[in-house]
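# Analysis of the macromolecular model
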Amino acid sequence: SCVTVSIDAVRFLAPGRKGDNIICTAVITRSWTSSMEIDLTIIAEHPFSGETRQILEAYFTFCAFDQWGKPTKIPVPDVVPETEKEKHRYEEAGIRRKERLAANKKRKERKLTYLANGRKNAKVQSKL
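Residues numbered from 1 in each chain as written. Predicted model: local features only at pLDDT ≥ 70, side-chain atom pairs only at ≥ 80, totals over all residues. Heavy atoms only, no water.

The nonpolar side chains of a soluble globular protein tend to be buried with one another. Core analysis: the largest hydrophobic core is formed by 11 residues, namely Met-36, Ile-38, Leu-40, Ile-42, Ala-44, Ile-55, Leu-56, Ala-58, Phe-60, Ala-64 and Val-76. Every element with two or more residues in this core is listed here: strand 3 (35-45) and strand 4 (52-64). If we skip the residues at most four places from it in the chain, Leu-40 touches Cys-24, Thr-25, Ala-26, Leu-56, Glu-57, Ala-58 and Phe-60. (Core = buried A, V, L, I, M, F, W, Y, C linked by side-chain atoms within 4.5 Å. Buried < 20%, exposed > 50% of the residue type's maximum accessible area, 1.4 Å probe, protein only. Helix = DSSP H or I, 4+ residues; strand = E, 2+ residues; numbered from the N terminus. Contact = heavy atoms within 4.5 Å.)

Structure representation (structure tokens):
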């Protein structure tokens, strides 16, 4: 099975208007051993003029899991960029992944620090 692990950088660029046709596109930008990043774009199209404008962009990270809920050992198929745009997306996905992993590490460290300090403070208060 495949589940959403994170949604990064959701950007609302413009409002959709009543009556607009909404076009959703998703592109796999890069894959790793058990995960992949997907670039989601939402376009609003005026139903009469055909004018389009991008109204949203976001990056989703999906992870493949086995039947026991662990990341799969079977690799996700590689993304092979061919065009300049695909190569750019591929490189940017690697940068975003490094940023996500660093941010996750910092969040875990803050949580551990908070929990450790919370226990110390609880012991001090119980002695009073």
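What follows covers the layout of surface pockets. Once rolled over the atoms, a probe with the size of a water molecule shows which space is left empty. Considering only enclosed or pocket space, the largest pocket measures out at about 290 Å³ in volume. If you go around the largest pocket, the residues you meet are Val-5, Ser-6, Trp-32, Ser-34, Ser-35, Thr-61, Cys-63, Arg-97, Arg-100, Leu-101 and Asn-104. When contributions to the lining of the largest pocket are tallied by element, the ones reaching two or more residues are strand 1 (2-12), strand 4 and helix 1 (84-127). Within the lining of the largest pocket, the residues separate by chemical class into 4 nonpolar, 5 polar and 2 charged. (1 Å grid on protein atoms, 1.4 Å probe; cavity = no way out; pocket = protein on both sides within 12 Å on 5 of 7 lines; lining within 4 Å. Points joined across faces, edges and corners; volume = space filled by probe spheres on them. Nonpolar A, V, L, I, M, F, W, Y, C, P; charged D, E, K, R; others polar.)

Let us now look at the packing of aromatic side chains. A full pass over the atoms with the stated rule returns 1 aromatic pair. Between Phe-60 and Phe-62 the ring centres are 6.2 Å apart and the planes differ by 20 degrees, which places this aromatic pair in the stacked class. Taking relative accessible area as the criterion, Phe-60 reaches 19% and is therefore assigned buried. For Arg-30, the ring lying beneath its charged end belongs to Tyr-90, and the centroid distance is 4.0 Å. Lying across the ring of Tyr-59, Arg-96 places its NZ or CZ 3.7 Å from the centre. (Phe/Tyr/Trp six-rings, centres within 6.5 Å; stacked < 30°, edge-to-face > 60°. Lys NZ or Arg CZ within 6 Å of the ring centre and 35° of its normal.)

Here we come to the pattern of salt bridges. Applying the stated criterion across every chain, the model contains 7 salt bridges. Where Arg-11 meets Glu-57, a salt bridge forms, and the shortest distance between an N and an O atom there is 3.6 Å. Placement of Arg-11 in strand 1 and of Glu-57 in strand 4 is noted, with a sequence separation of 46 residues between them. A relative accessible area of 38% places Arg-11 in the partly exposed class. Measuring nitrogen to oxygen at the nearest pair gives 4.0 Å for the salt bridge that ties Glu-84 to Lys-87. (Salt bridge = Lys/Arg side-chain N within 4 Å of Asp/Glu carboxyl O.)

This next bit is on unusual backbone geometry. Positive phi outside glycine occurs at Ala-9, with the angle close to 45 degrees. Within the secondary structure, Ala-9 is located in strand 1.

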